[in-house]
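# Coordinate inspection notes
Take a look at the letters that make up each chain.
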Amino acid sequence: MSKARSSFFCQQCGYESTKWVGKCPACQQWNSFVEEIRQKETKLTATPWKEERSITRSGITRLKDIEAGEETRIVTPDPELNRVLGGGIVAGSIVLVAGEPGIGKSTLFLQVGLQLQHTRLLYISGEESEQQIRMRAERLPFESDNFFLLTETNTQAIFQEIKKLKPQLVIIDSIQTLHTSFIESSPGSVSQIRECAAEMQRFAKETNTPVFLIGHITKDGAIAGPKILEHMVDTVLQFEGDRHYAYRILRTLKNRFGSTSELGIYEMNANGMSGVLNPSDILLSQKEEQLSGIAIAAAIEGMRPFLIEVQALVTPSVYGTPQRTVSGFDLRRSQLLLAVLEKRGGFQFGMKDVFLNITGGIKVEDPAIDLAVLAALLSSYTDIPIPHTICMAGEVGLSGEIRSVNRIEQRIAEAEKLGFEKMIISRYNQKGLPKINTRMEIIAVSRVEDVYRILF
């Protein structure tokens, strides 16, 4: 019999202690330790996954003597997923996908699995029954003879089925529902998530089979489980969006096989998730009349440029304390821009309610949209509309200067493709403009006062 022992784990970072402590020595969180009963590993249970092949130990090798080869990738029919993964699914990789409940994680990867008709795929579900998954699959316009389903949560039973099927791709929904017999704590605990992820990692590396782990997130927006879970996997994808909007963003947080500045945009419809190839069209409202408080910004998220519509509403404050309500933009950044307008421009926002919104339900972190936010605030303040043929990109400094932004050529090209006639940029971005072949009128500004003079 193996000896059982009890340990205490931090729910925030996974730190292990032999006794309960009030404050975690690693992450400094209070009252985060929980007790879990663990089973001490013996020689019989030390290897949960073991591939029946001869194991050759590698010795010390000079780096330049190693032959470099290209990674073998599975190119999916989903161009947005290929983009965030760096060109496709790498053989032997383990990918963690996290997102809020109901955001569409299971639907997206069920759809991807059905689209991979020439890949033997095993979909392991610990949250839904076979009938539920079948009902969800009937709503999708895809069918595949190589899509296999397993509803199981015990990792040892899963590995027995994997050895029989020998799949080319494994999708697990979700990692928080799995449990291993080598640890006696409940599924979803820190030790269970860490051990199950380690078993899946060993399986992926030894068999060269890619594995997707769908994970939950906490109410704070962090990935549930120990932080070591993100270190163990090769790629971490974050599925973002508002359930009340149709658009979702798949963002790369970590990628050992590609860039981390990529993102994919999806639209939820009756046929599942469809990739948005030109997000600028859906993020710009189609209207005939010009309204005040609206400005168009050329933003870049990841490696792709797109245009977004910034809406602002400035009204006199009815109550004693002015309201500052922001959607899709950083609240502290908006307060900074309001302070710049008051100090450098002389506009009085102290007794006015300010509402800001980024259309489409997405959140943009690109500082280049500062100029459009500032212009939308001034437009609503003066009740003068901005011509719909003007686009802008620039960062606003604390002293009221308009700072340069990166990759201005791609922003101008995207605006020109959508029919804009004028582009307002920083004067410090003019160095690379002679190389740009564009028919747009480029307006360079250096101060907040210049923006107000040109637009109003």
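Look up: the structure comes first, before these words.
Residues numbered from 1 in each chain as written. Predicted model: local features only at pLDDT ≥ 70, side-chain atom pairs only at ≥ 80, totals over all residues. Heavy atoms only, no water.

## Section: the overall build of the chain
The secondary structure content of the chain amounts to 11 helices and 23 strands. In terms of its C-alpha atoms, the chain occupies a principal-axis envelope of roughly 80 × 55 × 50 Å. Each of the 456 residues in the chain was classed as buried or not, and the buried ones make up 48%. Here the analysis covers contacts within the chain between residues at least 6 apart in sequence; of these, 67% occur between residues at least 24 apart. Carbon and sulfur atoms make up 49% of the accessible area of the chain, which amounts to about 23000 Å² in all. Separation between the mean location of the 52 positive side-chain charges and that of the 54 negative ones in the chain comes to 7 Å. (Helix = DSSP H or I, 4+ residues; strand = E, 2+ residues; numbered from the N terminus. Buried < 20%, exposed > 50% of the residue type's maximum accessible area, 1.4 Å probe, protein only. Contact = heavy atoms within 4.5 Å. Areas by Shrake-Rupley, 256 points an atom, 1.4 Å probe, with all protein chains shown as cover. Lys, Arg positive; Asp, Glu negative; His and termini not counted. Charge placed at Lys NZ, Arg CZ, Asp CG, Glu CD.)

## Quick notes on the packing of aromatic side chains
In this structure the tally under the stated criterion is nine aromatic pairs. A centroid spacing of 6.3 Å and a plane angle of 90° characterise the contact between Tyr15 and Phe33, whose relative ring orientation is edge-to-face. With Tyr15 in the loop between strand E1 (4-10) and strand E2 (16-17) and Phe33 in strand E3 (residues 33-39), this pair connects stretches of sequence that are 18 residues apart. With centroids separated by 5.5 Å and ring planes inclined at 40°, the aromatic side chains of Tyr452 and Phe456 adopt a geometry described as tilted. For Phe456, a relative accessible area of 24% translates into the label partly exposed. Above the face of the Tyr428 ring, Arg427 is positioned so that its terminal group lies 4.7 Å from the ring centre. (Phe/Tyr/Trp six-rings, centres within 6.5 Å; stacked < 30°, edge-to-face > 60°. Lys NZ or Arg CZ within 6 Å of the ring centre and 35° of its normal.)

## As for the sheet that holds strand E11 (residues 235-241)
Spatially, the nine strands line up as an open sheet ordered E8-E7-E9-E10-E6-E11-E12-E13-E14, and their pairing is mixed. This sheet does not close on itself; its edge strands, each paired only once, are strand E8 (147-150) and strand E14 (272-275). With strand direction ignored, the average angle separating the axes of adjacent strands in the sheet is 25°. Two elements, strand E7 (residues 121-125) and strand E9 (residues 169-173), share five bridges in a ladder whose sense is parallel. Within E9, the residue paired with Ile124 across the bridge is Ile172. Where helix H2 (residues 105-115) meets the sheet, it contacts strand E6 (94-99), E7, E8, E9, strand E10 (211-215), E11, strand E12 (247-255), strand E13 (263-269) and E14, and its direction lies at approximately 160° from that of E10. (Pairing = 2+ DSSP bridges. Axes fitted to C-alpha atoms, helices over the stretch in contact; angles between N-to-C directions.)

## Things to note about the pairing of strand E16 (residues 304-316)
Here strand E15 (residues 294-301) runs beside E16; their pairing, made up of eight bridges, is antiparallel. When the bridges of E16 are listed, Ile294 appears paired with Gln311. Linking E15 to E16, which pair antiparallel, is a turn of two residues; within it Gly302 sits at a positive phi near 75°.

No statement about biological role is implied by the geometric values presented.
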